[in-house]
Amino acid sequence: MTHVTDLAGWTLVYSGKVRDLYVPTDLMTDDDTWTGDPLKLSPVALVVASDRVSAFDEILEPEIPGKGALLTSLTRWWFDRLPEVPNHLAYAEDDRYRDLPAIPDSVADRAMLCRTLDMFPIECVVRGYLTGSGYREYVATGGIGGLRLPEGLQDGDRLPEPVYTPAWKAPLGQHDENISYERTVELVGETVAEQLRAISLAVFQHASEVAEERGLILADTKFEFGADRELGIVTLADEVLTSDSSRYWDLEAYLAGATPEIRMASFDKQIVRDWLAANWDRSAQAAPPTLPAEIVEQTAERYRALVERLTLGL
Ligand code: ATP
Ligand code: MG
């Protein structure tokens, strides 16, 4: 695990592959024997995106400089563009939060103050194009998570319409697993399962249009949702539509390119995945190799380029 920042007034309660979650230290219990979930103790959490990069569910070395700030600014930008979708941002000026410790300057550009939600254990994946693990599963089974797809599709092909292919969110250290929509109904009940699917597809559709206006294809993405503890409503959480949670391709290159590499010239961590696939035998159970400097720099450049293309229209 890479370096986790100490933040005055805040206690680290969860460290994921990319994000660290803190709650106000004042709200923590002094009882050493208490074994509950510390996130339940606080109505807010400081979600801090690190510069860590993960692929195939492994945290890699070294970090990608600036990545946490880029992910955070993109998430905020998209939340602003989705005013009709309830999201987890909390506002420090809200009276309910007036006694919170300040957000330390050292993490201000990569931290979001969020309401703590009861997260649903589902990764809400939407695909407009078929690639990656979805394509591999399609080749093996003719569909994804039990959802059948048309025959004869190639890597990178556009799907007749966007599909919702949820995954079960595995606990840290385990691999997520594609599941059927029916399985999500068993996990969270029909009402919530339907909302997760409907909101995911609607946000994907809207975001695809925004991306296309900027010369980008949103190929696929993953959302996470939780239940708001006060209002009970399904709320969009985590990061949204970033280069970690999504695949973005250059529209012109896609239309012009014959090979998958040219068609899918991407603004995401595909460079890392491709390098790792070529240089690491996953089945041997060894730790992944350290990323070379040029892969780190290229990835940082791709992440920066996406933020510029989307938010500045460059
Ligand atoms: P990944 O989600 O990319 O597979 P991960 O599960 O290791 O990786 P991170 O994304 O690094 O996790 O950490 C963020 C964690 O915080 C996730 O478990 C996510 O579900 C959770 N989370 C995000 N927003 C909230 C929120 N508002 N309230 C409670 N938990 C949240
Ligand atoms: Mg996550």
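Residues numbered from 1 in each chain as written. Chains lettered and ligands numbered in written order. Predicted model: local features only at pLDDT ≥ 70, side-chain atom pairs only at ≥ 80, totals over all residues. Heavy atoms only, no water.

A. Layout of the site of ligand 1. In the region of ligand 1, 18 residues are neighbours, and K17, V18, R19, K169 and E224 sit closest. For ligand 1, an oxygen atom lies 2.7 Å from a polar atom in the backbone of V18. The backbone of L117 places a nitrogen or oxygen atom 3.0 Å from a nitrogen atom of ligand 1. Elements with a contribution of two residues or more to the shell around ligand 1: β2 (19-24), β7 (117-119) and β14 (216-228). Here the shell around ligand 1 is built from residues that sort into seven nonpolar, three polar and eight charged. Both domains that meet at the shell around ligand 1, namely domain 1 (10-115) and domain 2 (120-262), each give it at least three residues. (Near = heavy atom within 4 Å. Polar contact = N/O pair within 3.5 Å; in protein donor to acceptor, adjacent residues only side chain to side chain. Helix = DSSP H or I, 4+ residues; strand = E, 2+ residues; numbered from the N terminus. Nonpolar A, V, L, I, M, F, W, Y, C, P; charged D, E, K, R; others polar. Domains from an automatic or database assignment.)

B. Focus on empty space enclosed by the protein. Under the criterion given, the structure shown has one cavity of 30 Å³ or more. There is about 50 Å³ of room inside the largest cavity. Together, R19, V47, A49, L71, T72, T75, R110, M112, D238 and E239 line the largest cavity. Contributions of two or more residues to the lining of the largest cavity are made by β3 (44-49) and α1 (67-80). The class makeup of the residues in the lining of the largest cavity is four nonpolar, two polar and four charged. (1 Å grid on protein atoms, 1.4 Å probe; cavity = no way out; pocket = protein on both sides within 12 Å on 5 of 7 lines; lining within 4 Å. Points joined across faces, edges and corners; volume = space filled by probe spheres on them.)

C. Highlighting the UniProt feature "domain: SAICAR synthetase/ADE2 N-terminal" (unreviewed entry) in the protein chain. Cross-referencing UniProt, the feature "domain: SAICAR synthetase/ADE2 N-terminal" (unreviewed entry) maps to residues 13-282 in the present numbering. Helix makes up 28% of residues 13-282 and strand 27%. Its end C-alpha atoms lie 30 Å apart. (UniProt positions renumbered as here; feature names shortened; annotations may be inferred.)

D. Geometry of the pairing of strand β8 (residues 122-129). The buried fraction of β8 is high, at eight of eight residues. Alignment of β8 against β14, held across four bridges, turns out to be antiparallel. The residue bridging V125 from the neighbouring strand is K222, located in β14. (Buried < 20%, exposed > 50% of the residue type's maximum accessible area, 1.4 Å probe, protein only. Pairing = 2+ DSSP bridges.)

E. Summary view of the environment of D118. Turning to its location among the elements, D118 is positioned in strand β7. If we ignore the near neighbours within four places in the chain, the residues touching D118 are K40, G226, A227 and R229. Within the local environment of D118, its side chain forms a polar contact with the side chain of R229, the two groups lying 3.2 Å apart. (Contact = heavy atoms within 4.5 Å.)

F. Representation of the sheet that holds strand β6 (residues 111-115). The sheet built from four strands is open, its strands ordered β1-β2-β3-β6 with antiparallel pairing. Since the sheet does not close on itself, it has two edges, and those belong to β1 (10-15) and β6, each with one partner. Geometrically, the sheet is characterised by an average inter-axis angle of 30 degrees between neighbouring strands, direction not taken into account. For β3 and β6, the ladder comprises five bridges, and the chain directions are antiparallel. Counterpart to V48 in the pairing with β6 is A111. Here α1 sits on the sheet and contacts β2, β3 and β6; the angle it forms with β6, its principal contact strand, is near 45 degrees. (Axes fitted to C-alpha atoms, helices over the stretch in contact; angles between N-to-C directions.)

G. Local environment of the packing of helix α3 (residues 181-188) against helix α4 (residues 190-213). One way to put it is that α3 packs onto α4 with a least axis distance of 7 Å and a crossing angle of 130 degrees. By the angle class used here, α3 and α4 are oblique. By crossing handedness, the relation of α3 to α4 is classed as right-handed. Only E190, V192, A193, E194, L196 and R197 of α4 make contact with α3, whose side of the interface consists of Y181, T184, V185 and V188. Tallied by class, the residues present in the contact of α3 with α4 amount to six nonpolar, one polar and three charged. (Parallel < 35°, antiparallel > 145°, perpendicular 65-115°, else oblique. Left-handed = near helix turned anticlockwise from the far one by under 90°.)

H. Examining the pairing of β3 more closely. Counting buried positions along β3 yields six of six residues, so the element is predominantly enclosed. Alternating positions in β3 separate into two faces, V44, L46 and V48 on one and A45, V47 and A49 on the other, with burial throughout. Examined bridge by bridge, β2 and β3 share four bridges and lie antiparallel to one another. Across the sheet, D20 pairs through a bridge with V48, a residue of β3.

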